[in-house]
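Single-letter residue listing:
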Protein chains: 2
Amino acid sequence: MIQTNKAEYFNVALATGIVLFGFDLENLKIMLTRKKDDPYKGAWVIPSRYVKADESLEENIKILLLQTIEHEDVYLEQLNAFAKVYRNPIGRVVNIPFYGLMQLTEKEQKNAEKNGCKWINYHDIPPMAFDHNEIIDYAKERLKRRVKRRPVGFNSLPKEFTLTQLQTLYEQALNKTFDKRNFRKKIFNSELLVDTGKTTITPQGKESKLYRFDEEKYEKMSLKGYDFLF
Amino acid sequence: MIQTNKAEYFNVALATGIVLFGFDLENLKIMLTRKKDDPYKGAWVIPSRYVKADESLEENIKILLLQTIEHEDVYLEQLNAFAKVYRNPIGRVVNIPFYGLMQLTEKEQKNAEKNGCKWINYHDIPPMAFDHNEIIDYAKERLKRRVKRRPVGFNSLPKEFTLTQLQTLYEQALNKTFDKRNFRKKIFNSELLVDTGKTTITPQGKESKLYRFDEEKYEKMSLKGYDFLF
DNA sequence: GCAAAAGTGTTGGGGATACACCCATGG
DNA sequence: CCATGGGTGTATCCCCAACACTTTTGC
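Since this is a predicted model, take the numbers as computed values, not measurements. (Residues numbered from 1 in each chain as written. Chains lettered and ligands numbered in written order. Predicted model: local features only at pLDDT ≥ 70, side-chain atom pairs only at ≥ 80, totals over all residues. Heavy atoms only, no water.)

Details of the interface of chain A and chain B
Using the following cut-off: By definition, residues are in contact when any of their heavy atoms lie within 4.5 Å. Here the buried area means the combined drop in accessible surface, using a 1.4 Å probe, for two parts upon being joined, counting both sides. By salt bridge we mean one thing: a side-chain nitrogen of Lys or Arg within 4 Å of a carboxyl oxygen of Asp or Glu. Any pair of nitrogen or oxygen atoms within 3.5 Å is treated as a polar contact; in protein, a donor-acceptor pairing is required on top of that, and neighbouring residues in sequence qualify only through side-chain atoms on both sides. Strands here mean DSSP runs of E at least two residues long; helices mean DSSP runs of H or I at least four residues long; both are numbered from the N terminus. Only Asp, Glu, Lys and Arg are considered charged, only Ala, Val, Leu, Ile, Met, Phe, Trp, Tyr, Cys and Pro nonpolar, and every remaining residue, Gly among them, polar.
Between chain A and chain B, the contact holds 42 residues from the first and 42 residues from the second. Between chain A and chain B, roughly 4100 Å² of surface is buried when both sides are summed, and carbon and sulfur atoms account for 59% of that area. At the boundary of chain A with chain B, the tally comes to 0 salt bridges. The tally of links from chain A across to chain B stands at 11 residue pairs in polar contact (both at pLDDT 80 or more). Put simply, the parts of the chain that give the side of chain A that touches chain B at least two residues each are helix 1 (6-9), strand 1 (13-23), strand 4 (48-50) and strand 6 (93-103) of chain A. Residue composition of the side of chain A that touches chain B, by class: 23 nonpolar, 7 polar and 12 charged.

Comments concerning the UniProt feature "domain: NrtR DNA-binding winged helix" (unreviewed entry) in chain A
Selection rule: UniProt positions are given in the numbering used here, feature names are shortened, and annotations may be inferred rather than shown by experiment.
Here, the residues flagged by UniProt with the feature "domain: NrtR DNA-binding winged helix" (unreviewed entry) are residues 153-213 of chain A. Helix and strand shares over residues 153-213 of chain A are 36% and 26% respectively, and the end C-alpha atoms of the span are 8 Å apart.

Let's talk about the packing of aromatic side chains
A ring pair, where both rings are aromatic, is described by two values, the distance of the centres and the angle of the planes. All names here are of chain A. What counts here: A pair of aromatic rings is counted whenever rings of Phe, Tyr or Trp (Trp by its six-membered ring) have centres within 6.5 Å, and the orientation is called stacked for planes under 30 degrees apart, edge-to-face for over 60 and tilted otherwise. When accessible area is computed with a 1.4 Å probe and restricted to protein chains, residues below 20% of their type maximum are described as buried, those above 50% as exposed, and intermediate ones as partly exposed.
Under the definition given, this model contains 38 aromatic pairs over all chains. Centroid distance Phe161 to Phe213: 4.9 Å. Interplanar angle 40°. Geometry classified as tilted. Taken together, the positions of Phe161 in the loop between helix 4 (132-149) and helix 5 (163-174) and Phe213 in strand 9 (residues 207-213) put the pair 52 residues apart, joining distant regions of the chain. Looking at Phe161, the relative accessible area reads 0%, which means it is buried. Taking relative accessible area as the criterion, Phe213 reaches 7% and is therefore assigned buried. Ring geometry for Tyr170 and Phe230: centres 4.8 Å apart, planes at 45°, overall tilted. Taken as a pair, Tyr170 in helix 5 and Phe230 in the segment after helix 7 (215-224) lie far apart in primary sequence, 60 residues in all. Just as Tyr170 is buried, Phe230 falls in that class too. Within the aromatic cluster, the residues linked to one another by ring pairs are Tyr170, Phe178, Phe183, Tyr226, Phe228 and Phe230.

A word on the pattern of salt bridges
All names here are of chain B. A complete count under the given rule lists 24 salt bridges over all chains for this structure. For Asp131, the salt bridge identified is with Arg87, shortest N-O distance 2.7 Å. Taken together, the positions of Asp131 in the loop between strand 7 (117-121) and helix 4 (132-149) and Arg87 in the loop between strand 5 (75-78) and strand 6 (93-103) put the pair 44 residues apart, joining distant regions of the chain. Overall, Arg87 belongs to the buried group, its relative accessible area being 9%.

So, in structure tokens, the structure goes:
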């Protein structure tokens, strides 16, 4: 590490951003907002926020979550820093975005709207300011890897859910379809699910069994990943 | 993005670091150096360097490579930013480390030594300054994932190599052993290798076949990953 | 009555693992 | 002559992919 006078290097700004994925049991969505001031006033962006010198990235992201969906109950992972020299016209701003995954209910839909954000379909992301399209593409790739290699439902489904809901989540994230029987076999083989014995009536009026995750098994799988692939 | 006066946020320093893995055909090693000035003067660190406001991360890493091994012929990937508030006593310094993978020859051994660096065994990393042990652990996990899911030999072996050398690389990185026949079967099934028809005499005096990678196939595999696991 | 969704088994193939011996060389 | 390392084949098992019909409900 080259030693030098502080002023020469302590002149970069740090920001976090959040690529927040929400699953409403039918579609995967991403929460976007519009920029409130220049540069790029009015353009689509992911929610972002400058980091103060004595603030951790996690604290900063939590504030972003409170300002948008109004709670912090989100699974988070840090993504690669985006640090190109001229990515922001006002100076050298490094954005360290996070990937977030959550269940999307009416509540978050309303809170987001109230706070000037919008949940937009995963497959229908508009052109955005800065390098935010790049950031979203990167986050989507991360989500795909996670879905393939680790269980993700715990963070994006209600406590009890149907197998069709789980399969829909996987199909949306990976943008392909699965054979129902094979999907269920794979899931059951992983011993990740517990039959609650209960049923629900789906929006289509069909009776459907409810399952929940085996939390202990889920934790183990989250760390190790699967030995098979979706 | 909250708008504000520039001085309030443009006060962070940015650094890159390199966790450089080298394979000398027998052992995996990591290049470390000792800190030349305070804080932590004399302590082990990974080679690191402040980023200037108009300098890209990649430019910065290239300079680090020239100052240590004296060439840039290294496979690089950016790792997660390390950004804890109090990780550096002189101020808020965010380190964006890179993972590097290369073949380690006599030349780099000598250059590193000349430039105050040392190649240390992968399994024998000393306590280090700042959070550099954490960074190395993170990079090791990345290497393990890469070895399991994508071909890595191209970046860490000579153009032509023996299957034992390739297997040793995998065994070192994953810290386990493989059955020779099964390892070869898996590699051949991937159709990644081409028999050069040549042989070499190993240091043990045995005649051994030389292989090289099928570059086209290798590129494809690097992007998609394997459908099987090591 | 018909369209849409929930639920359920079998078969075949391919890749992973486990496992042992021969031969050539250096010492 | 023996220790070391290069090279090779088979049998088993399990996971994966392909594939179709019944039942119930809403409309």
